[in-house]
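The residues making up each chain are set out below.
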Amino acid sequence: MPLRPAALPTVSRRLVSVLLPIALLAIAPLPAAAQSAPETDDDLPVAEIQAFAEVFERIKRAYVEEVEDEDLLRNAMRGMLSELDPHSAYLDSEEFESLRESTQGEFGGVGIEVGMEDGQLTVITPIDDTPAFRAGLQSRDRILRIDDTPTDRLSLQEAVNLMRGEPGTQLRLTILHQNANAPLEVTLTREIIRTRSVKHELLEDGYGYLRVSQFQSRTGEQVDEALESLEGDGPLQGLVLDLRNNPGGVLQAAVDVADAFLDSGLIVYTEGRLADSAMRFSAGRETAAPEVPLVVLINGGSASAAEIVAGALQDQRRGVVMGTQSFGKGSVQQIMSLGNDEGLKLTTALYFTPDGRSIQAQGIEPDVEVIRGRLEVAEGNSLDVREADLQGHLGASGDPQERSEMSQRLREDYQLGEALNLLKALDVLSRRRAG
């Protein structure tokens, strides 16, 4: 049935200002010359606009429950953006505020970064020291239900909104682990998620560990502080930069972290359709750790800004990238204000590493592949006999060398142990060459 002016319901002034020009275009017949003229890139698809206006009218008139005009228009905008790619989205005032909280590092929830993969809600990574992390959620887990709500019909933002909430309240997630035969249900208690994105410690004398869990506005500054602290007891012989399960975050923070290890050269560049979406970021001369031997750990949960850092350090031959292939989220989202505290998150460009590699759907391939595992240390037993155990053995000249205790972190993390071994090997080679 064609749309007739009389069939249009009474709508709000805001709706009239949006819908009336569309409806008039749909109702008005085209001049004969225009009907035969070929369409240009700027022509509006009149048939599709007419169909949209008619669908809108039929919902308003015949749907079983009355629906507000604003809700229909917001849903239409959500639908337009959700069909573009998994990261573009319409943001209402609550969602806009939620995005601001996540970049500043404090929000109420369970500490999980999610995305859409093959139409399913998927864990990108759990954030360190959060309920999701402690419950054992892993990268690429499928989330089938949030409480009693199936996720197959939820948008990404709707799923995030359901998982966030007041601290102390419980959340049930039905999870399907990768390669698992059956789902399992996990009950989490929401907390205020205050995430300090950088942690550090000495694994052994001279060998540092720097963990970046996500990229927030102050991450670059925190990395500089951590490096200064690690070098407080003397120069570092090697450093492990851990970007595993890092979902990304603020682009400038990623540039700052890469710049801490580079004193020149390109870090990342972007390309898009708009002139202002083409950007280039290069390292400055002031560098916190320009010469420390470096191993960068990545895995399938390393995404976006984490891939920028790993790709830059790999292309610049600044460090060895170790682990497993990263997630492959290489698109740039621009946040656009729509007024009334609402916004639009739109994919406008793609990231490229200094050598021109696209990160999108490709990820970063490690230089040395080391799969996830646990280091099992065999305890000494009574049958082990060494020279020092023999009666009357000759003593060694010089002071006895003390053996450092293996940290608990190394015992539980096979990839980290391999990274430390590689740093030690590089140190041995460097000293032999110097000698």
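Residues numbered from 1 in each chain as written. Predicted model: local features only at pLDDT ≥ 70, side-chain atom pairs only at ≥ 80, totals over all residues. Heavy atoms only, no water.

- Per an unreviewed UniProt entry, the protein chain goes by the name S41 family peptidase and belongs to Halomonas pelophila.

1. Some details on the environment of L274
(1) Moving on: Note on placement: L274 falls in the loop between strand 13 (266-272) and strand 14 (279-282).
(2) Moving on: A relative accessible area of 48% means that L274 is categorised as partly exposed.
(3) Moving on: As for L274 and A349, which are separated by 75 residues in sequence, their C-alpha atoms are 8.4 Å apart. (Helix = DSSP H or I, 4+ residues; strand = E, 2+ residues; numbered from the N terminus. Buried < 20%, exposed > 50% of the residue type's maximum accessible area, 1.4 Å probe, protein only.)

2. Focus on the sheet that holds strand 16 (residues 320-323)
(1) Moving on: Strand order in the open sheet formed by six strands is 10-11-12-15-16-19, with mixed pairing between adjacent strands. In this open sheet, the two edge strands, each paired with only one partner strand, are strand 10 (198-204) and strand 19 (368-369).
(2) Moving on: Here strand 11 (residues 207-212) runs beside strand 12 (residues 238-242); their pairing, made up of five bridges, is parallel. Residue pairing for strand 12: G208 is matched across the bridge by L239.
(3) Moving on: Set on the sheet, helix 8 (residues 219-230) makes contact with strand 10, strand 11 and strand 12; between it and strand 10 the angle comes to about 25°. (Pairing = 2+ DSSP bridges. Contact = heavy atoms within 4.5 Å. Axes fitted to C-alpha atoms, helices over the stretch in contact; angles between N-to-C directions.)

3. Some thoughts on the packing of aromatic side chains
(1) Moving on: Following the criterion strictly, the structure yields one aromatic pair and no others.
(2) Moving on: Aromatic side chains Y269 and F352 sit 5.2 Å apart centroid to centroid with 10° between the ring planes, which places their arrangement in the stacked category. You can see Y269 sitting in strand 13 and its partner F352 sitting in strand 18 (residues 342-352), a full 83 residues away along the chain. We note that Y269, like F352, is buried.
(3) Moving on: The ring of Y269 is capped by R280, whose NZ or CZ atom sits 5.4 Å from the centre of that ring. (Phe/Tyr/Trp six-rings, centres within 6.5 Å; stacked < 30°, edge-to-face > 60°. Lys NZ or Arg CZ within 6 Å of the ring centre and 35° of its normal.)

4. Here's the deal with the packing of helix 8 against helix 9 (residues 251-259)
(1) Moving on: The N-to-C vectors of helix 8 and helix 9 enclose an angle of 25°; their axes lie 8 Å apart at closest approach. By the angle between their axes, helix 8 is roughly parallel relative to helix 9. Crossing geometry of helix 8 relative to helix 9 is assigned as right-handed. Here T219, G220 and V223 of helix 8 lie close against helix 9, whose contacting residues are A253, D256 and V257.
(2) Moving on: Class assignment of the residues belonging to the contact of helix 8 with helix 9 gives a composition of three nonpolar, two polar and one charged. (Parallel < 35°, antiparallel > 145°, perpendicular 65-115°, else oblique. Left-handed = near helix turned anticlockwise from the far one by under 90°. Nonpolar A, V, L, I, M, F, W, Y, C, P; charged D, E, K, R; others polar.)

5. Observations regarding the environment of R218
(1) Moving on: Looking at the secondary structure, you find R218 in the loop between strand 11 and helix 8.
(2) Moving on: Put simply, R218 and R196 are 22 residues apart on the chain and 9.1 Å apart in space, counted from C-alpha to C-alpha.

6. Things to note about the nonpolar core
General note: in soluble globular proteins, nonpolar side chains tend to be found buried as a group.
(1) Moving on: By size, the foremost hydrophobic cluster in this structure holds 43 residues, and its most contacted members are F215, L241, L243 and F261.
(2) Moving on: Per-element accounting of this core gives the leading share, seven residues, to helix 10 (residues 305-315).
(3) Moving on: In this structure, F215 is in contact with L243, N246, G248, G249, V250, A253, A254, V257, A305, A306 and V309, ignoring residues within four places of it in sequence.
(4) Moving on: V114, L154, V160 and M163 belong to the second largest nonpolar core, which has 19 residues in total. (Core = buried A, V, L, I, M, F, W, Y, C linked by side-chain atoms within 4.5 Å.)

7. Some thoughts on the environment of Q157
(1) Moving on: Position of Q157 relative to the elements: it lies in helix 7 (residues 156-163).
(2) Moving on: A residue is classified by how much of its surface remains accessible, and Q157, at 13% relative accessible area, is buried.
(3) Moving on: Separated by 43 residues in sequence, Q157 and V114 have C-alpha atoms that sit 9.6 Å apart.
(4) Moving on: Aside from chain neighbours lying at most four places away, what touches Q157 is L91 and E95.

8. Let's talk about the side chain of D413
(1) Moving on: The topology assignment puts D413 in the loop between helix 11 (408-412) and helix 12 (414-434).
(2) Moving on: Reaching out from D413, the side chain makes a polar contact with the backbone nitrogen of Q415 at a distance of 3.3 Å.
(3) Moving on: A polar contact of 3.1 Å, which involves the side chain of D413, links it to the backbone nitrogen of L416. (Polar contact = N/O pair within 3.5 Å; in protein donor to acceptor, adjacent residues only side chain to side chain.)

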